[in-house]
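The residues making up each chain are set out below.
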Amino acid sequence: PTTYAGSEMTNIWGISTEAGKTTGRDNAVLPQHVIYDAHLTATMPEGLAATSAMNAMAHLMEAVYSHEVNPVTYQNALYGIRQLREGLTQLAQEDTLSMRTNEQIQLGAFLAGKCLCEVPMALHHKAAHVLGGTFNLEHSHVHTVLQAYVLEYQWPHLSQEVQQDFQAALAHDYPPQALQELAKANGAPYTLAAIGFGEADIDKAVTQMLAKPYPNPTPLTEEGLKEMLRKAVVGTLREF
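Residues numbered from 1 in each chain as written. Predicted model: local features only at pLDDT ≥ 70, side-chain atom pairs only at ≥ 80, totals over all residues. Heavy atoms only, no water.

J.: Please provide a residue-by-residue account of the overall build of the protein, values included.
T.: Each helix and strand in the protein was counted, giving nine helices and two strands. Listed N to C, the secondary structure of the protein is β-β-α-α-α-α-α-α-α-α-α in terms of helices and strands. In terms of overall size, the protein behaves like a compact globule, its C-alpha atoms giving a radius of gyration of 17 Å where 240 residues would be expected to give roughly 18 Å. The burial tally for the protein puts 51% of its 240 residues in the buried class. For the protein, restricting intrachain contacts to residue pairs at least 6 apart in sequence, the fraction spanning at least 24 positions comes to 74%. For the protein, the accessible surface area stands at approximately 10900 Å², while carbon and sulfur atoms represent 51% of it. One way to put it: in the protein the 14 positive side-chain charges average out to a point 4 Å from where the 25 negative ones average out. (Helix = DSSP H or I, 4+ residues; strand = E, 2+ residues; numbered from the N terminus. Rg over C-alpha atoms; globule rule 2.2 N^0.38 Å. Buried < 20%, exposed > 50% of the residue type's maximum accessible area, 1.4 Å probe, protein only. Contact = heavy atoms within 4.5 Å. Areas by Shrake-Rupley, 256 points an atom, 1.4 Å probe, with all protein chains shown as cover. Lys, Arg positive; Asp, Glu negative; His and termini not counted. Charge placed at Lys NZ, Arg CZ, Asp CG, Glu CD.)

J.: So what about the layout of surface pockets? Which residues, and what values?
T.: Rolling a probe over the atoms, with the probe sized like a water molecule, indicates the empty space that remains. Counted as a void, the largest pocket has a volume near 920 Å³. In this structure, the largest pocket is lined by 34 residues; those nearest its centre are Thr22, Thr23, His125, Lys126 and His129. Of all elements in the fold, only strand S1 (12–17), strand S2 (20–25), helix H1 (46–64), helix H4 (123–135) and helix H5 (139–154) reach the threshold of two or more residues within the lining of the largest pocket. Top contributing element to the lining of the largest pocket by residue count: S2, with six residues. Here the lining of the largest pocket is built from residues that sort into 13 nonpolar, 17 polar and four charged. (1 Å grid on protein atoms, 1.4 Å probe; cavity = no way out; pocket = protein on both sides within 12 Å on 5 of 7 lines; lining within 4 Å. Points joined across faces, edges and corners; volume = space filled by probe spheres on them. Nonpolar A, V, L, I, M, F, W, Y, C, P; charged D, E, K, R; others polar.)

J.: A description of the environment of leucine 123 should follow, citing residues and the corresponding values.
T.: Among the structural elements, leucine 123 can be located in helix H4. Exposure remark for leucine 123: the relative accessible area of 0% places this residue in the buried category. Separated by 38 residues in sequence, leucine 123 and arginine 85 have C-alpha atoms that sit 22 Å apart. Beyond its immediate chain neighbours, meaning those up to four positions away, leucine 123 contacts Glu62, Val150, Tyr153, Gln154, Met209, Tyr214, Asn216, Leu220, Leu225 and Met228.

J.: For the pattern of salt bridges, give the residues involved together with the corresponding values.
T.: Evaluation of the coordinates by the stated rule reveals six salt bridges. Here glutamate 152 and lysine 231 are joined by a salt bridge, their closest N and O atoms 3.2 Å apart. Highlighted residues: glutamate 152 in helix H5 and lysine 231 in helix H9 (residues 222–234), separated in sequence by 79 residues. By relative accessible area, which is 7% here, glutamate 152 ends up buried. Note that glutamate 223 and arginine 230 form a salt bridge whose closest N and O atoms lie 2.5 Å from each other. Accessibility expressed as a relative area gives 26% for arginine 230, which makes it partly exposed. What you see here is one network of salt bridges that share partners, running through Asp203, Glu222 and Lys226. (Salt bridge = Lys/Arg side-chain N within 4 Å of Asp/Glu carboxyl O.)

Rendered as structure tokens:
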């Protein structure tokens, strides 16, 4: 791997066409061996390192509240979140991708890919695939922007235990804000407007997000999703 996306650990494939993005799972695309060489990720520009790491963070986030999560994947996901949070904090403070920071983020990214392969994802990934595939938005930027607003959407329906575990892993009383602050600190985009998605696109996006039902902690409603995307366009989170 030369980025932190984590797809090398999964059996997931994706195909983008003019009609949008289609994904699926098949063990035929699961590598037999994965070799992690920190020197292959150490030369990433800081901006790409930040958004690629946030992409991995989104996999861990959704693994925590996946409807098929198990105790081992759950703990791996929380540990991975801590590694990425610490690595992204160091990246922002040092303003350079040191080998120490690189290796810490790569560990979190490995766990993110592993968790992504083990349990199904929910709203965040559906929304990211819709926005990326339909509106031709850069993959890691979409993940970086969306996750704070998606976690806020899910937050009221997560158990107190899961909320507390998120708070501990992200070292923040309100984890959605922690995710947004990590992006901001690293100069990464944190609004949909900044990556080319506007309010005029919301209706089309929500229609596609609701086209095929899937399990999600919070009920998926048209108005709820529109409000989530409106917040993401301008970068507004509720006060906690």
